Amino acid sequence: QKEVEQDPGPLSVPEGAIVSLNCTYSNSAFQYFMWYRQYSRKGPELLMYTYSSGNKEDGRFTAQVDKSSKYISLFIRDSQPSDSATYLCATRPGGNKLTFGTGTQLKVEL
Amino acid sequence: DVKVTQSSRYLVKRTGEKVFLECVQDMDHENMFWYRQDPGLGLRLIYFSYDVKMKEKGDIPEGYSVSREKKERFSLILESASTNQTSMYLCASITGESGYTFGSGTRLTVV
């Protein structure tokens, strides 16, 4: 079993929709959780970062962690075509290495 | 702003060539990483370094080596390039608790 599982998509939504992106993880020791956004032919960039359980909001983006079910979510409100990208979830069990999901490709259509 | 620079965006090399991928960070960070990214497989860690001249193998080190002679520079070396090393290569530097800063990536094609 992979440490972090993520549905690869692709996911296609109309502009203005609410998008829900999800990951599950296997190791209850994971404490730090991140979402990266990667545009085509670019490196990933950090979008959201949370520690332990709970929600974190930044503009149209909300990151949610449910440690009891080992579930990580990213919600995008009022989605825009510029949100079209691959979204990677990541966890950091300890030390300096991150473990990544395989990424979900999102397309927001006009 | 933190910056990680990879010297080449696109490279085409022949099978058997020795290939050098360069990465420079301007943040005085100790920890640097090399990943490769392939469709359906995600990001896989090749090597990382936690200080000058210090390195550790990641999950897929076979066919690769690394060099860290100066703190700001971390090089990935393909000793004898093969077609199965065609991939997107990403360098990263750790940015504290919040994770990594990545370079823009090098898309390597081995023919």
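Everything discussed here concerns the structure shown above.
Since this is a predicted model, take the numbers as computed values, not measurements.

Turning our attention to the pairing of strand E9 (residues 87-94) of chain B. Residues and elements named next belong to chain B. The buried count for E9 comes to 8 of 8 residues, which makes it a mostly enclosed element. Both faces of E9 are covered, namely the face carrying Ser87, Tyr89, Cys91 and Ser93 and the face carrying Met88, Leu90, Ala92 and Ile94. Across 6 bridges, strand E4 (residues 32-38) lies against E9 in antiparallel orientation. Following the sheet pairing, Phe33 is matched in E9 by Ala92. Across 3 bridges, E9 lies against strand E11 (residues 106-110) in antiparallel orientation. Bridging from a neighbouring strand, Tyr89 pairs with Thr106 of E11.

On the surface, Arg41 and Lys42 of chain A together with Arg9 and Arg107 of chain B cluster together to form a positively charged patch. Position of Arg9 of chain B relative to the elements: it lies in the loop between strand E1 (4-6) and strand E2 (10-13).

A separate point is the nonpolar core. One finds Trp35, Leu74 and Tyr87 of chain A to be the most contacted residues of the largest nonpolar core, which totals 23 residues. Taken together, the elements giving at least two residues each to this core come down to strand E3 (19-25), strand E4 (32-38), strand E5 (45-51), strand E7 (61-66), strand E8 (71-76), strand E9 (85-92) and strand E11 (104-109) of chain A. Looking at this core, the element that brings in the most residues is E3 of chain A, giving 4 residues. Aside from chain neighbours lying at most four places away, what touches Leu74 of chain A is Val19, Ser20, Leu21, Trp35, Leu47, Met48, Phe61, Thr62, Ala63 and Tyr87 of chain A. Tyr47, Tyr64, Phe74 and Leu78 of chain B belong to the second largest nonpolar core, which has 21 residues in total.

Let us look at the packing of aromatic side chains. In this description, a pair of aromatic rings is defined by centroid distance and the angle of the planes. Here the structure, examined in full by the defined rule, presents 15 aromatic pairs over all chains. Here the aromatic rings of Tyr32 of chain A and Tyr51 of chain A are separated by 4.9 Å at their centres, their planes lie at 50 degrees, and the arrangement is tilted. Note that Tyr32 of chain A is positioned in strand E4 and Tyr51 of chain A in strand E5, a separation of 19 residues in sequence. Residues Tyr36 of chain A and Phe102 of chain B carry aromatic rings whose centres are separated by 5.7 Å and whose planes lie at 85 degrees to one another, so their mutual orientation is edge-to-face. In this pair, Tyr36 of chain A is assigned in strand E4 and Phe102 of chain B in strand E10 (residues 100-102), connecting two distinct chains. Residues Tyr36 of chain A and Phe102 of chain B agree in their burial class; the two are buried. Through a chain of ring-to-ring contacts, the aromatic side chains of Tyr36 and Phe100 of chain A together with Phe33, Tyr35, Phe48, Tyr100 and Phe102 of chain B assemble into a single cluster.

Quick look at the sheet that holds strand E7 (residues 64-70) of chain B now. All names here are of chain B. Taken in spatial order, the 4 strands line up as E1-E3-E8-E7 in an open sheet, and their pairing is antiparallel. Each edge of the open sheet is held by one strand with a lone partner, namely E1 and E7. Strand-to-strand twist in this sheet, taken as the mean axis angle between neighbours without regard to direction, amounts to 20 degrees. For E1 and strand E3 (residues 19-25), the ladder comprises 3 bridges, and the chain directions are antiparallel. Looking at E3, one finds that Gln6 is bridged to Cys23.

Rules used throughout
Residues numbered from 1 in each chain as written. Chains lettered and ligands numbered in written order. Predicted model: local features only at pLDDT ≥ 70, side-chain atom pairs only at ≥ 80, totals over all residues. Heavy atoms only, no water. Buried < 20%, exposed > 50% of the residue type's maximum accessible area, 1.4 Å probe, protein only. Helix = DSSP H or I, 4+ residues; strand = E, 2+ residues; numbered from the N terminus. Pairing = 2+ DSSP bridges. Patch = residues over 30% accessible without salt bridge, like charges linked within 9 Å, V, L, I, M, F, W, Y side chains within 5 Å. Areas by Shrake-Rupley, 256 points an atom, 1.4 Å probe, with all protein chains shown as cover. Salt bridge = Lys/Arg side-chain N within 4 Å of Asp/Glu carboxyl O. Lys, Arg positive; Asp, Glu negative; His and termini not counted. Charge placed at Lys NZ, Arg CZ, Asp CG, Glu CD. Core = buried A, V, L, I, M, F, W, Y, C linked by side-chain atoms within 4.5 Å. Contact = heavy atoms within 4.5 Å. Phe/Tyr/Trp six-rings, centres within 6.5 Å; stacked < 30°, edge-to-face > 60°. Axes fitted to C-alpha atoms, helices over the stretch in contact; angles between N-to-C directions.

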